[in-house]
Amino acid sequence: MSGELVVDEGFPTEEETQGLLLKVTDLKTSFATPRGRVRAVDGVSLELGRGETLGIVGESGSGKTVLSRSIMGLLPRRTTTQSGSIVFDGTEIVGAEDKTLRTLWGAKIAMVFQDPMTSLNPVVRIERQITESLRLHTSMDKAEAKATAISLLGQVGIPSPTERVRNYPHQLSGGMRQRVTIAIALACSPRLLLADEPTTGLDVTVQAQILDLLSSLQQERHMAVILVTHDLGVVATRTDKIAVMYAGRIVETTTTRRLFADMAMPYTKALLNSTPRISDPSHTRLTAIDGRPPDLINPPPGCAFAPRCESATDQCRTEAPPLRPAPSDPTHLFACWNPLPGGTAGRVTTLEESP
Amino acid sequence: MSDIAATVASAAPEAADDDGIVKKKKVGVFFWIFTGWVALVVLASILAPLLGLQDPNNANFDAINQGPTTAHLLGTDDLGRDILSRVIYGARVSLIVGFGAMSIGMIFGGTLGMVAAYRRGAVDSFVSAVSYVMLAFPALVAVIAIVAFWGHDIWKITIIVGIASIPLVYRVVRAATLSYATREFVTAAKSQGATDIRILTRELLPNVLPAIISFFLIGVASVIILEGALAFLGLSVQPPTASWGNMISESRTYLSQNPWLALFPSLAMFLFLIALNLIGDSLRQVLDVQDSKL
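Being a predicted model, the structure only gives us computed values, none of them experimental. (Residues numbered from 1 in each chain as written. Chains lettered and ligands numbered in written order. Predicted model: local features only at pLDDT ≥ 70, side-chain atom pairs only at ≥ 80, totals over all residues.)

1. Remarks on the overall build of chain A
Rule in force here: Numbering of helices and strands runs from the N terminus, with a helix taken as a DSSP run of H or I at least four residues long and a strand as a DSSP run of E at least two residues long. Here the radius of gyration uses the C-alpha set of atoms, whereas the globule reference equals 2.2 Å times the residue count to the power 0.38. Here a residue counts as buried when 20 or more other C-beta atoms sit within 10 Å of its C-beta, as exposed when there are 12 or fewer, and as partly exposed otherwise, the C-beta atoms being derived from the backbone. Residues are treated as contacting if the C-beta atoms built from their backbones sit within 7 Å of each other.
Secondary structure summary: chain A contains 12 helices and 12 strands in total. In terms of overall size, chain A behaves like a compact globule, its C-alpha atoms giving a radius of gyration of 21 Å where 355 residues would be expected to give roughly 20 Å. With the C-alpha coordinates aligned to their principal axes, the bounding extent of chain A is approximately 65 × 50 × 45 Å. Within the span of chain A, comprising 355 residues, buried residues form 45% of the whole. For chain A, contacts bridging at least 24 residues in sequence account for 67% of all contacts bridging at least 6.

2. Side note on the overall build of chain B
Along its length, chain B carries 11 helices and 2 strands. In chain B, which comprises 294 residues, the proportion classed as buried is 40%. Taking the contacts inside chain B whose residues are at least 6 apart along the sequence as the reference set, 69% of them involve residues at least 24 apart.

3. Considerations on the sheet that holds strand β11 (residues 324-326) of chain A
Residues and elements named next belong to chain A. Keep this limit in mind: Here a strand pair is declared whenever DSSP counts at least two bridges between the two strands. Note on geometry: axes are lines fitted to C-alpha atoms, helical ones only across the stretch in contact, with angles between N-to-C directions running from 0 to 180 degrees.
Taken in spatial order, the 8 strands line up as β6-β7-β8-β3-β9-β10-β12-β11 in an open sheet, and their pairing is mixed. In this open sheet, the two strands that pair with only one neighbour each are β6 (109-112) and β11. Within this sheet the neighbouring strands show an average axis-to-axis angle of 25°, counted without direction. The strands touched by helix α1 (residues 64-72) within the sheet are β3 (53-57), β6, β7 (192-196), β8 (224-229) and β9 (241-246), with β7 carrying the most contacts at an inclination of about 150°.

4. Quick notes on the packing of helix α9 (residues 244-251) of chain B against helix α10 (residues 260-287) of chain B
Packed helix pairs are specified by the crossing angle of their axes together with the interaxial distance, meaning the distance between the axes. Residues and elements named next belong to chain B. What counts here: The labels follow the angle: roughly parallel below 35 degrees, roughly antiparallel above 145, roughly perpendicular from 65 to 115, and oblique for the rest. Helix crossings are classified by the rotation of the near helix relative to the far one: an anticlockwise turn of less than a right angle makes the crossing left-handed, while a clockwise turn makes it right-handed. Note on residue categories: nonpolar means Ala, Val, Leu, Ile, Met, Phe, Trp, Tyr, Cys or Pro, charged means Asp, Glu, Lys or Arg, and polar means any other residue, Gly included.
Running from N to C, α9 and α10 point in directions that differ by 150°, and their axes come no closer than 8 Å. The angle between α9 and α10 places the two elements in the roughly antiparallel class. α10 is crossed by α9, and the crossing has left-handed handedness. Two secondary-structure elements touch here, α9 through W244, M247, I248 and S251 and α10 through L261, A262, P265, S266, A268 and M269. Within the contact of α9 with α10, the residues separate by chemical class into 8 nonpolar, 2 polar and no charged.

5. Details of the domain arrangement of chain A
All names here are of chain A. Note the cut-off: Residue ranges labeled as domains rest on an automatic or database domain assignment.
Once the domains are mapped, chain A shows domain 1 (15-230) and domain 2 (245-353). Here domain 1 and domain 2 have C-alpha centroids that lie 27 Å from each other. Taken together, the contact between domain 1 and domain 2 spans 21 residues of the former and 13 residues of the latter. Only β2 (36-49), β3 and α1 provide two or more residues apiece to the side of domain 1 that touches domain 2. Among the elements that take part in the side of domain 1 that touches domain 2, β2 stands out by supplying 10 residues, more than any other. Across the side of domain 1 that touches domain 2, the residue classes break down as 8 nonpolar, 7 polar and 6 charged.

6. Details of the sheet that holds strand β5 (residues 91-92) of chain A
All names here are of chain A. Spatial ordering of the open sheet is given by β2-β1-β4-β5, a layout of 4 strands whose pairing is antiparallel. In this open sheet, the two strands that pair with only one neighbour each are β2 and β5. Across 2 bridges, the pairing between strand β4 (residues 80-88) and β5 is antiparallel. Its bridge partner lying in β5, F88 is registered against T91.

7. Concerning the interface of chain B and chain A
Every contact between the two is made by 17 residues of chain B and, on the other side, 24 residues of chain A. Elements that contribute at least two residues to the side of chain B that touches chain A include exactly α7 (184-191) and α8 (196-232) of chain B. Here the side of chain B that touches chain A takes 6 residues from α7(B), the largest share from any one element. Here the residues of the side of chain B that touches chain A are counted per class, giving 4 nonpolar, 8 polar and 5 charged.

8. Let's talk about the pairing of strand β10 (residues 249-255) of chain A
On a regular strand, each side chain points to the face opposite its neighbour's, so the side chains alternate between the two faces of the sheet. Residue and element names in this part refer to chain A. Most of β10 sits out of view: 6 of its 7 residues are buried. Note that β9 and β10 share 6 bridges and pair antiparallel. What sits directly across from A243, in β10, is T253. Pairing of β10 with strand β12 (residues 329-334), which is carried by 2 bridges, proceeds in the antiparallel orientation. In the sheet register, T253 faces β12, and the bridge partner there is L333.

9. A short note on the nonpolar core
Where we set the bar: To define a nonpolar core, we join buried Ala, Val, Leu, Ile, Met, Phe, Trp, Tyr and Cys residues through C-beta atoms within 7 Å and take the resulting set.
Of all hydrophobic cores here, the largest spans 163 residues; its most connected members are A:A183 and A:V244. If you tally residues by element for this core, the top one is helix α3 (residues 83-119) of chain B, at 17 residues. Mapping this core onto the domain boundaries places at least three of its residues in each of domain 1 (15-230) and domain 2 (245-353) of chain A. Ignoring anything within four residues of it in the chain, the contact list for A:V244 reads A:V57, A:G58, A:I250, A:V251, A:E252, A:T253, A:M265, A:Y267, A:T268 and A:L271.

Here's what the structure looks like:
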């Protein structure tokens, strides 16, 4: 068995690689809780072309996971309220029935979950966990599906895949398990892969391997990827565009190159500064962002980041800044009254070293 | 059962020996002895007509209340009927009621429990409320009342006891499913396009199966005791049909003259129940490996 995929019916043709794949317009997702309504995603708009990679960055509780699950349409119906629109490959996701979504799930849009310890079924063999969706979405028979599963395991870098398909998840290491979840997600060659903190549960050395694997698979298959993470270092070298989220909103978005060359939001800068770097001398104190993310049930008036921002003014505390284009580049959007002076590159030069 | 056997074999707890080589831990010799005993009882009762036994209902007044002899290995009762034959035929009643009633309980209670735990919401609230109401009735009294009105037919008893076991099975299966239904792998399966039925049968069922199997066996044991209690009260299958409960009940009168009469059906029941309980327990330990791992 070579490392090549047995099925190629899922690969997009030349004309299919053009144009928008995903368009999110003013998406609002909120949950009913005993304390009140949590506005986890509060007016997010974004666009993703075919084969593009978007990084969504933000700290815990910024709404990035809810955003990615909203795009999947995977949130619990009973407690979730949604408005706005998510159009994926011509299909509206907001308010769609499970029946409609099931034709997309796995086949056109797939997800790699944060923790491979919990996202694999402990009592089901790897083989069946991969072949499940192949049997569901393609016309493959059992033997073909098994051959594809073995080939997929080989592609995600699992040694002796023929033996490994017979294993249960507990017989694999953490990194191997995450490779398996990637193989499961890729089984039907989706157009869009959502990776929600795919490396958080893993060892640092394995993190880089998994991220590189995702990038190379993405280029091979011309698949769009949304990489959700709290670590700017992770998205720096592996994405085309970045959206920085805070308190359920996108506060800055532009191309990866421009973001690191000329970031406008103090929050983006603060996130970057709180990333540890190998070039720092040992025992260097990490720069933390003081305070906590705001309460999403009663968000403060004005800019949500103002209470923690060094350059906040009275205007920031009373008036919410709109997401507007930078004067120098209309594709660079940010929501800040007092953007950082131009050319603020932070410590970009050392970014390549982080995983 | 071949699936389960494969799981037992591949998921058996592992213990490393001094060389660091992992060896599969065996389920233990008692497990196989008890499994052998259960298999023997089940086979004997199914094949009873082929075993060349004496007619269990054939009275022989020349040989009443005998102890074990070569002609009657376990002796005879007050009507001279062969006890070995009656114990084996009596096992049929206990097994049909035990396995039949628990199967009814599993099919309905188990399905409801899994669906309620997976769907939650109104379905769960309603079924759970009904199950609490049913559990609030003392089962034995309810069963006695219904049997007294409806009849003592073995199938009727099976159905009634089966219905009485539904809420119990429901609670156990619901609780077992609940702890898995919110795990990430369920969401992951959904994100791959799996339907609800697929998630229930292929993702959740393998996880709750160990708990279900051991509860099933322990449930069968409880139902056999319940049948014995009904028989003792004269509310199970009617004489002359033998059942373990019937035989124990009838032996009371002759306890001082012929203690063998009470001993053999009691012993058969006791050994069968203890075997079921221990098998259920061993299976649960062996199949639950992934929780105890590391």
